Amino acid sequence: MKPVVLYNLCDVLTNYDLLRSTQNMSIREQVIMFLQIVGRNQRFCFISSIYYRSVETIHRYFRIVLKIVFKLYKHLIKDLEDIVPAEIMNNHKFYPYFKV
């Protein structure tokens, strides 16, 4: 991930008031640790050795950011009430996958 994308993600999380810095850890550090665990399949003990934090702290912040990412879908994904385009609705190959 490029740094610009990381900064934009942190800005989005801050602007929607989903994630806040704590006394011990900044928003950027929380997101970077989360992305390393999810994206690179790093273990909590490995991340704790890099950031000099306990495994419990890493786990706590991982769960916080994970819950925030689940809440972020409201801002990124459209509701199901939106109209399905005609080319999908009239095509028997695609429409069954878009039924509610």
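In case you missed it, the structure is sitting above this.
Okay, so let's go over this structure. (Residues numbered from 1 in each chain as written. Predicted model: local features only at pLDDT ≥ 70, side-chain atom pairs only at ≥ 80, totals over all residues. Heavy atoms only, no water.)

## Structural notes on helix α4 (residues 55-76)
Selection criterion: Secondary structure is summarised from DSSP: a helix means a run of H or I of at least four residues, a strand means a run of E of at least two, and numbering begins at the N terminus for each. Between the first and last residue of a helix there are one fewer steps than residues, each counted as 1.5 Å, and that sum is the expected span. When accessible area is computed with a 1.4 Å probe and restricted to protein chains, residues below 20% of their type maximum are described as buried, those above 50% as exposed, and intermediate ones as partly exposed. Here, residues are in contact when the closest pair of their heavy atoms is within 4.5 Å.
End to end, α4 covers 31 Å across 22 residues, agreeing with the expected 32 Å (1.5 Å per residue, within 8%). By the burial criterion, the buried members of α4 are Thr 57, Ile 58, Tyr 61, Phe 62, Val 65, Ile 68 and Leu 72. On its buried face, α4 sits against α1 (3-15), α2 (27-39) and α3 (44-51).

## Quick word on the packing of α3 against α4
Stated formally: Structural elements are reduced to axes, namely lines fitted to C-alpha atoms, with helices fitted over the stretch in contact, and the angle between N-to-C directions of any two is expressed from 0 to 180 degrees. Geometric relationships in this document are graded by angle, where less than 35 degrees denotes roughly parallel, more than 145 denotes roughly antiparallel, 65 to 115 denotes roughly perpendicular, and other angles denote oblique. Three categories are distinguished: nonpolar for Ala, Val, Leu, Ile, Met, Phe, Trp, Tyr, Cys and Pro, charged for Asp, Glu, Lys and Arg, and polar for the others, with Gly belonging to the last.
Interaxial distance between α3 and α4 falls to 8 Å at its minimum, and their mutual angle equals 105°. Comparing the axis directions of α3 and α4 gives the class roughly perpendicular. Between α3, through Phe 44, Cys 45, Ile 47 and Ser 48, and α4, the contact on the second element is made entirely by Val 55, Ile 58, His 59 and Phe 62. Of the residues contributing to the contact of α3 with α4, the split by class is six nonpolar, two polar and no charged.

## A word on the nonpolar core
The condition that has to hold: What we call a nonpolar core is a set of buried Ala, Val, Leu, Ile, Met, Phe, Trp, Tyr and Cys residues that are connected through their side-chain atoms within 4.5 Å.
Leu 13, Leu 19, Val 31 and Met 33 are the most contacted members of the largest nonpolar core, which totals 18 residues. At the level of elements, α1, α2 and α4 are the ones that each hand at least two residues to this core. The leading source of residues in this core is α4, at six residues. Contacts of Val 31, omitting those with residues within four sequence positions, involve Leu 6, Leu 9, Cys 10, Leu 13 and Leu 19.

## Details of a positive patch on the surface
Put simply, the rule reads: Residues enter patches when their relative accessible area tops 30% and they take part in no salt bridge; the joining distance is 9 Å for like charges and 5 Å for the nonpolar side chains Val, Leu, Ile, Met, Phe, Trp and Tyr. Here the open area of atoms and residues is found with the Shrake-Rupley method and a 1.4 Å probe, where only the protein chains shown may cover a residue. The term salt bridge refers to a side-chain nitrogen of Lys or Arg lying within 4 Å of a carboxyl oxygen of Asp or Glu. When charges are counted, Lys and Arg are positive and Asp and Glu negative, with His and the chain ends excluded. Just so you know, the charge point we use is NZ for Lys, CZ for Arg, CG for Asp and CD for Glu.
On the surface, Arg 63, Lys 67, Lys 71 and Lys 74 cluster together to form a positively charged patch. Within the secondary structure layout, Lys 67 lies in helix α4. For Lys 67, a relative accessible area of 48% puts it in the partly exposed group.

## Some points on the packing of aromatic side chains
Where we set the bar: Only centres within 6.5 Å qualify two rings of Phe, Tyr or Trp (six-membered ring in Trp) as a pair; their planes then separate them into stacked at under 30 degrees, edge-to-face at over 60, and tilted for everything else.
A complete count under the given rule lists two aromatic pairs for this structure. Taking 5.5 Å as the distance between ring centres and 80° as the angle between the ring planes, the aromatic pair formed by Phe 44 and Phe 62 counts as edge-to-face. On the criterion of sequence distance, the pair formed by Phe 44 in helix α3 and Phe 62 in helix α4 is long-range, its members being 18 residues apart. Through successive ring pairs, a cluster of aromatic residues spans Phe 34, Phe 44 and Phe 62.

## Focus: the side chain of Glu 29
Secondary-structure assignment places Glu 29 in helix α2. Residue class for Glu 29 comes out buried when judged on its relative accessible area of 18%. With residues near it in sequence (within four places) discarded, Glu 29 still touches Asn 24, Tyr 51 and Arg 53.

So, to be careful, I would describe these as geometric facts and stop short of saying anything about function.
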